[in-house]
Every structure is written in structure tokens, then in C-alpha cells.
Amino acid sequence: MPRLTLKNLKTGEERVLNLPQDVITFGRTSDCDVELADKSVSRKHSEIVHEGDDYFLIDLKSGNGTFLNDKKIKPIEKHLLRPGDVIKIEHFEVYFSLLEDLLSRPVEEDTDTDIIEVKMIKKVLRALGKDSAPSLEVLNGSAEGKKIFFTEDLKEVTMGRDPDSTLFIDETVISRHHAKLLHKWGGVVLQDLDSRNGCYVNNEKINEKLLRDGDKVMLGTIKLIYRNPQDVNIEAIGQEISRKKREAALRESELMEIAQRKKEEEEAKLQEESLALEEKNKAALEEEAKAEALSSEQSSSPPQSTGTEDVKNSAETSSAASQSTAAILAKLQAPFEGMSLFEKSLVGVGLFVLMLALIGVVTILFK
């Protein structure tokens, strides 16, 4: 799926569009996929068409034309789009990117090694010249090692067993006029010329196919490799790797923040549980202390009797005291029988006093 960055050169406004459809139309009307609200833009100005693995830009006979990388394209003619290409329609610029391959790679692969590889590729391309012509090289058979460059001054490159072919291959599996290369759709196209053993690109039989850098071509059993340095957009790859590294760093920072937040929540939860357990233990100790204090009070205090028991004990005590006093008086009367009344009176008073004293002593002892 292409990623289109649309920029209005007048206002400076910029927005990113991710459109999955196979045909993306540009124009002034609202029914276009990308509406360019300006009178100088045609109602239906141009479109991007998806065919197989490729995307093509087509001008729909617009009034003021469509420009690809500052070159005006022919109406109703397909022009191959590559990552990093710039489409210009009046004062609107559309930056074309195709990032599926890069975005499908795991984030872990975005290491410093990737940056080193990009720098190495840049050096190689500078050494070869980024505008080097596309080439086709034979990899096996009698013509192994032959290489033809398809420069801009060549209209087409013919391949076959005919000695007048641009790329002559003297093999029985090759037809006299087997295939040809031609400039078309903004790139290089391989066409089969009704050959006996057919043409294959990446093991797929074709009649006509736009070639991409690194494609493996089979003419019968003869293998060829197609190279086109112009297909390699190193700047776009470098920018994408840098973007992905920034996203990876941001994602790592977010994950660290989430982990830290989770750790703090767990620590807070453990602290709450610890405080709750401490409070529970404290309450249990207080209950235990109260129980021990209550038990100690009950064991140290004497048993209390009821009011009825107190009256009974007091009556029994008084009765016992009276009986003791009577016995004592009977024993004391015997020695004083020969005394006068006055003497007996004195003795009686003394005995009465003694009896009261005894009653008081006995009462105190049994209280």
C-alpha cells in the first residue's frame, strides 16, 4: 500500500494519506480520492494505478498537465512510480512512498549495522554512478558473461539466435527472435516475441512484464539477471530506517514507562497489604492484652456473697456468741453463791462488761 504525503505549496499544509484501493484519483471534484481544491486543477486530473507489485502514474488528459520529478508526463501513458518520487499538480506536491518491505521487518533488525549497510550501498552507487543504465547479463550457456546496457539512446534491445540481435545467444532453446527490452511505463519492459520456449521472470511465465532491479529472467533454459541502479532509492531507505529507529526508541521509552508504572502500583499494593496486616496484628495483640487483664482481675478479687448469706452468717455468729456467754455465766455463778447482794451486783456488772467485750471480739473474728 502506498503512503502519499500531500503538501499545499501555497499554504504549507501537509497531510499523509494511506489509500488501499487499486486506483487513486486526483482532481478538483469531491468524488476524487484526493481532492485538490483549486480552479487550475482539472475535474479528474490524474490517477495512480496498482498493477501487480507496481504502481503507475497516469495523466487523464488534464488541462495543465501532471509532472513527475519535474518532468511533464504524456497523457494516458503509464509511468512507473518509485519510492521517493514527487508528483506535482499545479501548486500541490505528492510524495510517493512504498514501505511494505521495510515496515514488515522486525524492529530488532534496526541496528547500527543497517546504517552501515546503507552507507556502503551509497558508496557503491556513487562509484558506479546512480544514473547508470539498466543492464541484462547472461549467467549460463555459451553466452555466459555477456552483458548488454540498455541506454537511453537505444529504442529497444532484441535477444535471440539471430546474429543481428542486440544480444546474440547461440543456443537451440533460444528462438531466432526470442524477446526484447523496450522503454515503457517509465521503466524497462520485457516482451516475449512468441518464442518457442517462452520467457519467465522470477519463475513466472510472461508476455509482457515491467522489470525491477534484481529480477531473474529465463529465456528457455538460459538464465539472465536484470540490474537497474535507478530502482534503488537509498535516500528513502535511509530515511525509513531513521524513522523506524526513532519509533523503536519511543516504543522502548513507552514500555519502560509502563513497566515503571506497574512496578510502582505493585509496590503500593504490597505496602497497603503490609499496613493492613500490621493493623490486624495490632488489634489481635490488644484483644489478647484485654483478655489477660480481665483474667488477672478475676483471679485476684475474693468471691462476693449475696445479702441472704450475710444475714445467715451473722445470725449463726450471734447464736454461737450467746451460747458461749451463757455457759461462761453458769460457770462463774458457782464460786459466788455465798456473797451478799451488793457483791453479787458488782460481780454481775463486771461479768456483763466482760460478756460485751467477748461478743465484740467474736463478732470481729467472724466478720
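In this report, we go over the structure that sits alongside the text. (Residues numbered from 1 in each chain as written. Predicted model: local features only at pLDDT ≥ 70, side-chain atom pairs only at ≥ 80, totals over all residues. Heavy atoms only, no water.)

1. What to know about the overall build of the protein
For the record, the criterion: Elements are defined by DSSP. Helices are runs of H or I of four residues or more, strands are runs of E of two residues or more, and each kind is numbered from the N terminus. For every residue, the accessible area (1.4 Å probe, protein chains only) is compared with the maximum for its type, and the residue is labelled buried under 20%, exposed over 50%, or partly exposed between those bounds. A contact between two residues is defined here by any heavy atoms of the two lying within 4.5 Å. Computed by Shrake-Rupley with a 1.4 Å probe, the accessible areas treat only the displayed protein chains as cover when residues are assessed.
When you go through the protein residue by residue, the secondary structure sums to five helices and 22 strands. Burial status across the protein gives 32% buried among its 367 residues. Long-range pairs, those at least 24 residues apart, make up 41% of the contacts in the protein with a sequence separation of at least 6. Summing over all exposed atoms, the protein offers an accessible surface of approximately 24,000 Å²; the carbon and sulfur share of this is 54%.

2. Some thoughts on the pattern of salt bridges
So the rule is basically this: Each reported salt bridge corresponds to a side-chain nitrogen of Lys or Arg within 4 Å of a carboxyl oxygen of Asp or Glu.
All told, the structure shown has seven salt bridges when counted by the stated rule. Note that Arg176 is salt-bridged to Asp162, the shortest N-O span being 3.7 Å. A residue pair is termed long-range when its members are at least 10 positions apart, and Arg176 in the loop between β15 (167–168) and β16 (179–184) and Asp162 in the loop between β14 (156–160) and β15 qualify at 14 residues. We classify Arg176 as partly exposed; its relative accessible area is 44%. When its relative accessible area of 10% is taken as the criterion, Asp162 is described as buried. With its nearest N and O atoms 3.7 Å apart, the salt bridge here joins Arg227 to Asp213. Of this pair, Arg227 sits in strand β22 (residues 222–227) while Asp213 sits in the loop between β20 (208–210) and β21 (216–219), placing them 14 residues apart in sequence.

3. What to know about the environment of Asn64
Put simply, the test is: In protein, a polar contact requires one atom able to donate a hydrogen and another able to accept it; more generally it is a pair of N or O atoms within 3.5 Å, and residues adjacent in sequence count only if both atoms are side-chain atoms.
Mapped onto the elements of the fold, Asn64 is located in the loop between β6 (54–59) and β7 (67–68). Considered as a pair, Asn64 and Ile89 are 25 residues apart in the sequence and their alpha carbons are 8.2 Å apart. Setting aside residues no more than four positions away along its own chain, Asn64 makes contact with Ser40, Lys72 and Glu90. Polar contacts involving the side chain of Asn64 include one to the side chain of Glu90, which spans 3.0 Å.

4. Things to note about the sheet that holds strand β4 (residues 34–35)
So the rule is basically this: Any two strands with at least two DSSP-identified bridges between them are counted as paired.
Read from one edge to the other, the open sheet built from five strands follows the order β4-β3-β5-β6-β9, with strand pairing classed as mixed. Either end of the sheet is taken by a strand with one partner, and the two such strands are β4 and β9 (79–80). Bridge count for strand β5 (residues 46–51) against β6 is six bridges, and the pairing is antiparallel. Pairing of Val49 across the sheet is with Phe56, part of β6.

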